[in-house]
Amino acid sequence: MAFRTRDDPTRATVSPRAARGHMSFHAGQSAEDQVAAHYTALGHALVHKRWRGSRGEIDLVHADGDGVILVEVKQSRDFETAATHVTAAQARRLFATGEELLGYLPRGSLTDVRFDVALVNGMGDIRIIKNAFADMW
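Residues numbered from 1 in each chain as written. Predicted model: local features only at pLDDT ≥ 70, side-chain atom pairs only at ≥ 80, totals over all residues. Heavy atoms only, no water.

A. Local environment of the sheet that holds strand β5 (residues 67-75). The five strands are arranged β3-β4-β5-β6-β7 in an open sheet whose pairing can be described as mixed. In this open sheet, the two edge strands, each paired with only one partner strand, are β3 (46-52) and β7 (126-129). The average angle at which neighbouring strand axes cross in this sheet is 25°, direction not considered. The strands touched by helix α3 (residues 88-102) within the sheet are β3, β4 (57-64), β5 and β6 (113-120), with β4 carrying the most contacts at an inclination of about 55°. (Pairing = 2+ DSSP bridges. Helix = DSSP H or I, 4+ residues; strand = E, 2+ residues; numbered from the N terminus. Axes fitted to C-alpha atoms, helices over the stretch in contact; angles between N-to-C directions. Contact = heavy atoms within 4.5 Å.)

Set out below in structure tokens:
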């Protein structure tokens, strides 16, 4: 990610593209932390953060009684733009990854599960879309 400049070959610089990617990565992590704190404040204990299976990743997994809430976090300058970042292909990957996760839980596929999408705008405000994919199936 660091490149040497012609003017000063000993000075390492970062390309603008790499800098944007670095900032986006940290903004996304911050958004996940904010959303995790929001769900925790609502009484849902954080079970996993960035759970990774062979089919993909789930940003947050929170307990909901005997069930779980699987949360996909999307951060952008406004809620509308953040919402456009959730695609049908991504929803299918989330369902497949959620199915894999359930295989590790004591009740397996009998576990109550809800898929939420948490949108975070540039001001750090959070908007939760509960059961976000209910209309897809």
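Here the narrative resumes.
B. Geometry of α3. Taking 1.5 Å as the rise per residue, α3 with 15 residues should run 21 Å; its terminal C-alpha atoms sit 21 Å apart, in good agreement. Restricting attention to buried positions, one finds in α3 the residues Gln-90, Ala-91, Leu-94, Thr-97, Gly-98, Glu-100, Leu-101 and Leu-102. Packing partners of the buried residues in α3 comprise β3, β4, β5 and β6. (Expected span 1.5 Å × (residues − 1). Buried < 20%, exposed > 50% of the residue type's maximum accessible area, 1.4 Å probe, protein only.)

C. Highlighting unusual backbone geometry. In this structure, Arg-50 is a non-glycine residue whose phi angle is positive, near 55°. Mapped onto the elements of the fold, Arg-50 is located in strand β3.

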